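Summary of the model geometry
Here is how the chains run, residue by residue.
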Amino acid sequence: MMPAGFEYQSVRVADGVSLHAAVGGAGRPVVLLHGFPQTHLMWRHVAADLAADHTVICPDLRGYGASDKPEEDGADTYSKRTMAADVVALARALGHERFALAGHDRGALVALRAGLDHPGTVSHLACLDVLPTLDMWEVLHGADAAVAFHLYLMAQPPGLPERMIAADADAFFGHFLDLWAGDAGAIPDDVRTAYLDACRGAVPSIVADYRASAGVDVDHDRSDRDAGRRLEMPVSVLQQDWGAALGYDAAAVWSRWAADLRHSTVTSGHFMAEEDPAGVVKALRELLAR
């Protein structure tokens, strides 16, 4: 379902872990990281445009899609630090020591960690519809936090959340595809089926990814914030107006992490790369020109 000219590669990025990636175009490299509950296919429209003058790399993250799904063996297996290192290794294996990076949702958390851990490697950074992990937990309070019930469910110790989700995986993952879409038609039936098929086969690793965000990822973010570390590259953030809904200033939160920041509020739903690909392309091209 990716645009013409994209080819798939399986690239080893760590011991026992290979990432499945669609690669197309030519020019300065841009890596696009998908969110939940999706795969690299969410970038199909954006990738088609950027490939006109960029090498575009769209991987499935560790634990998702057709990429390897190592068994959770300690907190670091699915930490964003580990997943960011995967992305850097993928780009390097494809011949790119420096690249622009954009991520949506879970992929945005991986992209943020890559920008903090590998500032000489990530030239430009875009994060779509997230807050940094530490800040995300800090803004969730009381009954308003019910909107993020899945974060709390998948934060539980191994066993129960996996069994609960696997009992009706299509209903669980489909709930978010329905709830978060501003335009249901932006995810056609064949793409929706691909997402559900991929998630159904990856319940333990998806839960492990989220579990890491309630533990080791918070520790990494807190260490960086306490040390005053910030993103050194140009950064663009596109978000729904969650700040108004939950009572925080999203631009102010992000400004603590990035000096060269452009923060925009969008009118599309969560799946903005599919609902408003032209708007996302415009924002990414403006970022790449900075």
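Please refer to the structure placed before this passage.
Attention in this report is confined to the structure presented alongside it. (Residues numbered from 1 in each chain as written. Predicted model: local features only at pLDDT ≥ 70, side-chain atom pairs only at ≥ 80, totals over all residues. Heavy atoms only, no water.)

**Some points on unusual backbone geometry**
Definition in use: To qualify as a helix, a DSSP run of H or I must reach at least 4 residues; to qualify as a strand, a run of E must reach at least 2; elements of each kind are numbered from the N terminus.
Note that the residue after F36, namely P37, is joined by a cis bond; omega there is -5°. Tracing the chain through its elements places P37 in the loop between β3 (28-33) and α1 (44-50). With a phi close to 60°, D105 is a non-glycine residue in the positive phi region.

**Examining the environment of L33**
We count it as follows: Each residue gets one of three labels from its accessible area relative to the maximum for its type: buried under 20%, exposed over 50%, partly exposed in between, using a 1.4 Å probe on protein chains only. Note on contacts: a residue pair is in contact if any heavy atoms of the two residues lie within 4.5 Å.
Summarising the element assignment, L33 is placed in strand β3. Residue classification places L33 among the buried positions, given a relative accessible area of 0%. Ignoring sequence-local partners within four residues, the contact set of L33 consists of W43, P59, L61, V87, L101, A102, G103, H104, G107, V110 and A111.

**Considerations on the packing of aromatic side chains**
This is how it is decided: Classification of ring pairs rests on two measures: the distance between centres of Phe, Tyr or Trp rings, Trp counted by its six-membered ring, which must be within 6.5 Å, and the angle between planes, read as stacked under 30 degrees, edge-to-face over 60 and tilted in between. For a ring to carry a charge above it, either NZ of a lysine or CZ of an arginine must fall within 6 Å of the ring centroid while also lying within 35 degrees of the normal to the ring plane.
Inspection of the entire model under this criterion finds 10 aromatic pairs. Ring geometry for F36 against F173: centres 5.8 Å apart, planes inclined by 65°, an arrangement best described as edge-to-face. Taken together, the positions of F36 in the loop between β3 and α1 and F173 in helix α7 (residues 169-179) put the pair 137 residues apart, joining distant regions of the chain. Over the aromatic face of Y210 sits the side chain of R106, whose NZ or CZ is 3.7 Å from the ring centroid.

**Points about the sheet that holds strand β1 (residues 7-14)**
Keep this limit in mind: Two strands qualify as a pair provided that DSSP identifies no fewer than 2 bridges between them. Only C-alpha atoms enter the line fits that serve as axes; for helices the fit covers just the stretch in contact. Angles between N-to-C directions range over 0 to 180 degrees.
Strands sit in the order β1-β2-β4-β3-β5-β6-β7-β8 across an open sheet of 8 strands; the sheet is mixed. Bordering the open sheet on either side are β1 and β8 (261-265), each of which pairs with just one other strand. Averaged over all neighbouring strand pairs, the angle between strand axes comes to 20°, with direction disregarded. One ladder, built from 5 bridges, connects strand β5 (residues 99-104) with strand β6 (residues 122-128); its direction is parallel. When the sheet's bridge partners are listed, H104 is paired in β6 with L128. Contacts from helix α3 (residues 106-117) reach β3, β5 and β6, with the element oriented near 145° to β5.

**Some remarks on the packing of helix α6 (residues 160-167) against helix α9 (residues 203-212)**
Put simply, the test is: Convention used here: angles under 35 degrees read as roughly parallel, angles over 145 as roughly antiparallel, angles from 65 to 115 as roughly perpendicular, and any remaining angle as oblique. Left-handed describes a crossing in which the near helix is turned anticlockwise from the far one by less than a right angle; the clockwise case is right-handed.
As a packed pair, α6 and α9 sit with axes 10 Å apart at the nearest point and diverge in direction by 130°. The angle between α6 and α9 places the two elements in the oblique class. Taken as a pair, α6 and α9 cross one another with a handedness that is right-handed. Counted together, P161, E162, I165 and A166 of α6 and V203, P204, V207 and R211 of α9 form the full contact between these two elements.

**Some details on the layout of surface pockets**
The following threshold applies: As defined here, a cavity is a set of points on a 1 Å grid over the protein atoms alone where a 1.4 Å probe fits but cannot get out. A pocket is an open set with protein on both sides within 12 Å along at least five of seven lines, and residues line them when an atom is within 4 Å of a point. Grid points are joined across faces, edges and corners, and a volume is the space filled by probe spheres set on the points. In this classification, the charged set is Asp, Glu, Lys and Arg, the nonpolar set is Ala, Val, Leu, Ile, Met, Phe, Trp, Tyr, Cys and Pro, and all remaining amino acids, among them Gly, are polar.
Considering only enclosed or pocket space, the largest pocket measures out at about 220 Å³ in volume. As for the largest pocket, its lining consists of 16 residues, of which L238, S264, V266, G279 and A283 are closest to the centre. Of all the elements in the fold, those that place two or more residues in the lining of the largest pocket are β7 (235-239), β8 and α14 (277-288). Counting residues per element, the lining of the largest pocket draws most heavily on α14, which supplies 5 residues. Residues of the lining of the largest pocket, tallied by class, amount to 6 nonpolar, 6 polar and 4 charged.

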